[in-house]
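Each chain, letter by letter, is given below.
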Amino acid sequence: MLKEISLEGKTALITGGATGIGYAIAEQMYDAGADVVIAGRRAEVLKEAADRLGERCRWYPFDVTRTEEYDRLLDAIEEKGPVDILVNNAGINIKKDYFDFTPEEFDRIVATQAKAPFLLSQAVAARMKERKSGGSILFISSLASILGMHEIQAYTVCKSGVKGLARSLARDLGPYGIRVNSLNPGFVYTDMLAKTNVKTPERLKEIEERTPMRGFTQTKDLGMAAAFLASDAARFITGIDLVVDGGISSSFLI
Ligand code: NDP
């Protein structure tokens with residue numbers, strides 16, 4: 001096996017790591033040898049996920065919008081060793097007509113999907129810089145940063161934002177050995193997608209047929225891509241948006 005793909009000896013912090021894409025990322029990183037730390041708001045969901053993952057997984061009930069508590073969280077995690085990999089995965093979405101969107105709803109999406117990834121990355125990168133260890137930071141972008149999508153404008157602002165932020169931070173953190181990339185999932189059938197985007201069998205079929213590889217991106221596809229990007233096999237990859245969408249965004253189907 002390619003030895004650089006191993007994450008042995010590294011610790012990965014994955015926000016929203018108990019469910020959906022975040023869980024699959026935690027699972028693949030765990031399988032690649034990393035110690036994983038998952039954080040989210042629901043303790044029972046985290047505990048269940050951590051039990052499934054195994055003894056190298058720790059969990060912290062934590063709301064990523066509580067930006068003033070990042071140092072407390074990181075101090076607690078880093079008692080057992082430094083965070084080498086950060087995956088800013090926690091997310092929410094609200095799908096509704098643009099003209100009905102309220103400032104409060106906009107702020108709610110931005111707090112979770114843009115402000116938290118910005119400031120948590122800053123807190124983690126400051127520690128990586130201080131100890132001169134290097135590291136890897138990942139954001140989760142979206143097809144909404146490539147294609148105009150129906151009724152998810154606030155989400156689109158954030159996802160386009162973190163994609164750009166990955167490039168900008170790759171520029172500024174590269175000299176410290178910190179790589180920053182975004183992962184772009186395509187359509188993945190998780191709780192979030194079921195709630196916001198794909199509510200009818202017809203819509204499901206439409207998406208499947210619109211995808212050159214047919215079907216949906218599987219959470220494991222993202223997990224594997226994230227584990228690769230975080231590993232030394234990707235040691236010179238920074239500032240990219242890795243699209244895992246079965247070809248939707250690169251093709252025109254009629
Ligand atoms: P899920 O709803 O399964 O996952 C979202 C996770 O984020 C949950 O574990 C949730 O846990 C956590 N979370 C939400 N808000 C907070 C918060 N304030 N603090 C801490 N944790 C929080 O959906 P997905 O797996 O689909 O989403 C994961 C990421 O992938 C999101 O960023 C999403 O935008 C992105 N994405 C998803 C796509 C898809 O097709 N599914 C496509 C493109 C991007 P809890 O509620 O316990 O806090």
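Notes on the structure in this doc start here. (Residues numbered from 1 in each chain as written. Predicted model: local features only at pLDDT ≥ 70, side-chain atom pairs only at ≥ 80, totals over all residues. Heavy atoms only, no water.)

## Remarks on the environment of leucine 86
Rules: Put simply, DSSP H or I for four residues or longer makes a helix, DSSP E for two residues or longer makes a strand, and each gets a number counted from the N terminus. By definition, residues are in contact when any of their heavy atoms lie within 4.5 Å.
Among the structural elements, leucine 86 can be located in strand E4 (residues 85–88). Between the C-alpha atom of leucine 86 and that of threonine 11, which follows or precedes it by 75 residues, the distance is 8.7 Å. Filtering out sequence-adjacent residues up to four positions away, leucine 86 remains in contact with Leu13, Leu120, Ser121, Val124, Ser136, Ile137 and Leu138.

## Some details on the packing of helix H1 (residues 20–31) against helix H2 (residues 43–53)
Put simply, the rule is: Helix axes are fitted only over the stretch in contact, all axes being lines through C-alpha atoms; the angle between N-to-C directions runs from 0 to 180 degrees. Note that the term roughly parallel is reserved for angles under 35 degrees, roughly antiparallel for angles over 145, roughly perpendicular for angles of 65 to 115, and oblique for everything else. Handedness of a crossing is defined here by the sense of rotation of the near helix relative to the far one, left-handed for an anticlockwise turn of less than a right angle and right-handed for a clockwise turn.
Their axes nearest at 11 Å, the elements H1 and H2 cross at an angle of 25°. Put simply, H1 runs roughly parallel to H2. For the pair H1 and H2, the sense of crossing is right-handed. Note on element contacts: H2 touches H1 through Ala49, Arg52 and Leu53, opposite Tyr23, Ala26, Glu27 and Tyr30.

## Some details on the nonpolar core
The line we're drawing: Residues belong to one nonpolar core when they are buried, are Ala, Val, Leu, Ile, Met, Phe, Trp, Tyr or Cys, and are joined through side-chain atoms within 4.5 Å. Any residue under 20% of the maximum accessible area for its type is buried, any over 50% is exposed, and the rest in between are partly exposed; the area is computed with a 1.4 Å probe on protein chains only.
Core analysis: the largest hydrophobic core is formed by 31 residues, its most contacted members being Ile14, Ile25, Met29, Val36, Ile38, Val87 and Leu183. Of all the secondary-structure elements, those providing two or more residues to this core are strand E1 (11–15), H1, strand E2 (35–40), H2, E4, strand E5 (135–140) and helix H8 (219–230). Apart from the residues lying within four places of it in its own chain, the contact partners of isoleucine 25 are Ile14, Val87, Ile140, Leu183, Leu222, Gly223 and Ala226. Within the second largest apolar cluster, 28 residues are counted, among which are Ala90, Ile137, Phe139 and Ile178.

## Looking at helix H3 (residues 70–78)
For clarity, the threshold we go by: This arc corresponds to the set of directions leading from the helix axis out to the C-beta atoms.
Residues of H3 that are buried: Tyr70, Leu73, Leu74, Ile77 and Glu78. Looking down the long axis of H3, one finds its buried residues gathered within 120° of arc, a one-sided arrangement. Check the buried side of H3 and you find it contacts E1, E2, strand E3 (57–61) and helix H4 (103–131).

These figures come from the coordinates and say nothing about function on their own.
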